[in-house]
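Coordinate inspection notes
The residues making up each chain are set out below.
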Amino acid sequence: MKCAIIMAGGKGTRMKATCPKVMCKVLFEPMISYVVDAVKEAGAEDICVIMGYKHEMLEEYLATKDEKIETVLQEPQLGTGHAVMQAQSFIDRHLDDDIIILNGDGPLIDAETINKAFDYHKENQNSITLISAIVDDTNGIGHIQRDENGKLLRIIEHKDANEEEKKINESNAGFYWFNGRDLSYALSKITNNNAQNEYYITDSLEILISAGKNAGAYVVENNEVTFGANDRKQLNNLNNIMRRNINDKHMINGVDIPCTDGVMIGKNVKIGSSTVILPNTIILGDTVIGENCTIGPNTYIDNGKIGDDVILDNCKILDSEIESGVDAGPFVKVRANSILKKGVHIGNFVEVKNSVIGEGTKSAHLTYIGDSDVGADVNFGCGTVTCNYDGKNKTRCKVGDGAFIGCNTNLIAPVEVGEKAYIAAGSTITDNIPEDALAVARARQVIKENWVNIKKPYKEKK
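Residues numbered from 1 in each chain as written. Predicted model: local features only at pLDDT ≥ 70, side-chain atom pairs only at ≥ 80, totals over all residues. Heavy atoms only, no water.

1. Brief notes about the pairing of strand β4 (residues 46-51)
Worth spelling out the cut-off: Accessibility here uses a 1.4 Å probe with only protein chains present; expressed as a share of the type maximum, an area under 20% marks a residue as buried, one over 50% as exposed, and anything in between as partly exposed. Numbering of helices and strands runs from the N terminus; a helix is a DSSP stretch of H or I covering at least four residues, while a strand is a stretch of E covering at least two. Two strands pair under a simple rule: DSSP has to find at least two bridges between them. The handedness of a crossover follows from its direction of travel: if, with the strands pointing away from the viewer, the path from the first strand over the helix to the second runs clockwise, the crossover is right-handed.
Burial of β4 is extensive: 5 of the 6 residues sit out of reach of the surface. Two strands pair when backbone bridges link them, and strand β1 (residues 2-8) and β4 are joined in this way by 6 bridges, in the parallel orientation. The partner of I6 across the bridge, within β4, is V49. Summarising the sheet, β4 and strand β5 (residues 70-73) pair through 4 bridges and their orientation is parallel. Bridge pairing links I50 to V72 in β5. Following the backbone out of β4, through helix α2 (residues 55-65) and into the adjacent parallel β5, one traces a crossover that is right-handed.

2. Quick notes on the nonpolar core
The condition that has to hold: In plain words, nonpolar cores are sets of buried Ala, Val, Leu, Ile, Met, Phe, Trp, Tyr and Cys residues tied together by side-chain atoms within 4.5 Å. The criterion used for residue contact is that any of the two residues' heavy atoms lie within 4.5 Å.
The biggest cluster of nonpolar side chains holds 96 residues, and the ones touching the most others in it are I32, V49 and L102. Per-element accounting of this core gives the leading share, 7 residues, to helix α1 (residues 31-41). For L102, the contacting residues outside a window of four places in its chain are A4, I5, I6, M7, V35, V39, I109, I114, G174 and F175. Formed by 29 residues, the second largest nonpolar core is a distinct cluster that contains M7, F90, I99 and L130.

3. Digging into the sheet that holds strand β25 (residues 339-340)
The sheet built from 9 strands is open, its strands ordered β13-β16-β19-β22-β25-β27-β29-β32-β35 with parallel pairing. Pairing within the sheet leaves two strands with one partner each, and these edge strands are β13 (270-271) and β35 (415-417). As paired elements, strand β19 (residues 305-306) and strand β22 (residues 321-322) share 2 bridges and run parallel to each other. Each bridged residue has a counterpart across the sheet, and for K305 the counterpart in β22 is E321.

4. Digging into a nonpolar patch on the surface
Filter applied, for reference: Residues forming no salt bridge and having over 30% relative accessible area are the ones grouped into patches, like charges within 9 Å of each other and nonpolar side chains (Val, Leu, Ile, Met, Phe, Trp, Tyr) within 5 Å. Each accessible area is a Shrake-Rupley result for a 1.4 Å probe, and residues are judged covered by the shown protein chains and nothing else. Throughout this description, the term salt bridge denotes a Lys or Arg side-chain nitrogen within 4 Å of a carboxyl oxygen of Asp or Glu.
Together, F404, Y422, L438 and V440 make up an exposed nonpolar region whose accessible area comes to about 390 Å². Following the sequence through the fold, F404 ends up in strand β33 (residues 404-405). A relative accessible area of 31% means that F404 is categorised as partly exposed.

5. Let's talk about helix α6 (residues 180-189)
Worth spelling out the cut-off: In protein, a polar contact means a hydrogen-donor-capable atom and an acceptor-capable atom, both N or O and within 3.5 Å, with residues adjacent in sequence counting only if both atoms are side-chain atoms; elsewhere, any N or O pair within 3.5 Å suffices.
Burial in α6 covers these residues: G180, D182, L183, S184, A186 and L187. As for α6, its buried residues are in contact with α3 (80-85), α4 (88-92), β6 (98-103), β10 (170-179) and α7 (203-210). Measuring from the backbone nitrogen of R181 back to the side-chain oxygen at the start of α6 gives 3.0 Å, which picks out N179 as the cap.

6. Comments concerning the packing of α1 against α2
Applicable threshold: Note on definitions: angles span 0 to 180 degrees between N-to-C directions of axes, and those axes are lines fitted to C-alpha atoms, for helices only across the stretch in contact. Oblique is the label for any angle not covered by the other classes, which are roughly parallel (under 35 degrees), roughly antiparallel (over 145) and roughly perpendicular (65 to 115). Left-handed describes a crossing whose near helix is turned anticlockwise from the far helix by less than a right angle; the clockwise case is right-handed. When residues are sorted by character, Ala, Val, Leu, Ile, Met, Phe, Trp, Tyr, Cys and Pro go into the nonpolar class, Asp, Glu, Lys and Arg into the charged class, and all the rest, Gly among them, into the polar class.
Interaxial distance between α1 and α2 falls to 12 Å at its minimum, and their mutual angle equals 40°. As the angle between them shows, α1 and α2 are arranged oblique. Considering how the two elements wind past one another, α1 and α2 form a crossing that is right-handed. Seen from α1, the contacting residues are I32, S33, V36, D37 and K40; seen from α2, they are L58, Y61, L62 and K65. Here the residues of the contact of α1 with α2 sort into 5 nonpolar, 1 polar and 3 charged.

Have a look at this one:
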């Protein structure tokens, strides 16, 4: 059985954040979210997260992600070994299992790397298997020391290394596979006899080697999977790598991104083949986009369900469904719980909120449709507003199939417009309109001849 312990107690002082370090975001998701998803995908059945700074915030987030995730508190924080010691009861329940220990601020780690390291761990019957990387910059790393035959000896923290040891470029990634029983043994032997007076989980390597146990290091093919972040500059680097990786995945799967400038796609987004994503487009949440769509430029989608052959130009789509063949934009906002059915056209400066818009309906410009049920083939004239809020309650409008709503019409909810009803421009509708009827709700035009010359309403020009 595979299990996971995620260390997530750091404050991240250099981040200058008001949240736990692992809650700092990569592509709008907390870093720890990616780590949790990776170990789950790799097959970890039980997960324990070690918390510290502002643990309430982290605990609340983890509960929304998975109620089964176990949490323990490290207080005070006396090093990585001390952190894992706080999970002793979790380890005791998994003495006969394999446990991976990870850093919660390593969002680029993936299930493939975790499982390759696990296979290496099992094939060599190791008590401990490190995940390591060959790096160019050795400053600040944990240096992996081997003998002349390549056998592991120990991990030397950079701050404890001498000048020769600081030149070692095999870096400890901070991820470890352990046999559960051997991890428990190692924790019982770790001391804080070092420059920082802290308990290092890295000391478990020497302890287990001294006990005659097998130890090894799985060297990753791409060292990017081991990257973490200690400040906002490094966090930006993680964002850039994650954005590139996700965009590359979609392009390999047939999505056309002709220019990736400003294109940010969340890790759970699904996009059909031959869809085009244009610059400055952000797609988040559990969004699903069909085939042959054109999304963007300058479009934002969060938890949208988008059909095939949809055009979204300069749109903002939130928690809504856009069916196939819809053409929307520019400068369109579709708010939560809305459905635009097949063939709908929504033009510039139109907002839809909590409404169903029937097939083939058109609203070309400058219209607000809120809390409404609109039928098929309805025409909304420019400047139409559904007045759905009276200051206390929100109520709905209903518009039947084929209705024509003239420009600058106000529909005062709750009101129903019958099928093929016709509303004259400039009307304020307060009563239901039967089907096939004409509604005119405006005062008769009055003209007073020579009124300007008599009243002189304008300032005299010099």
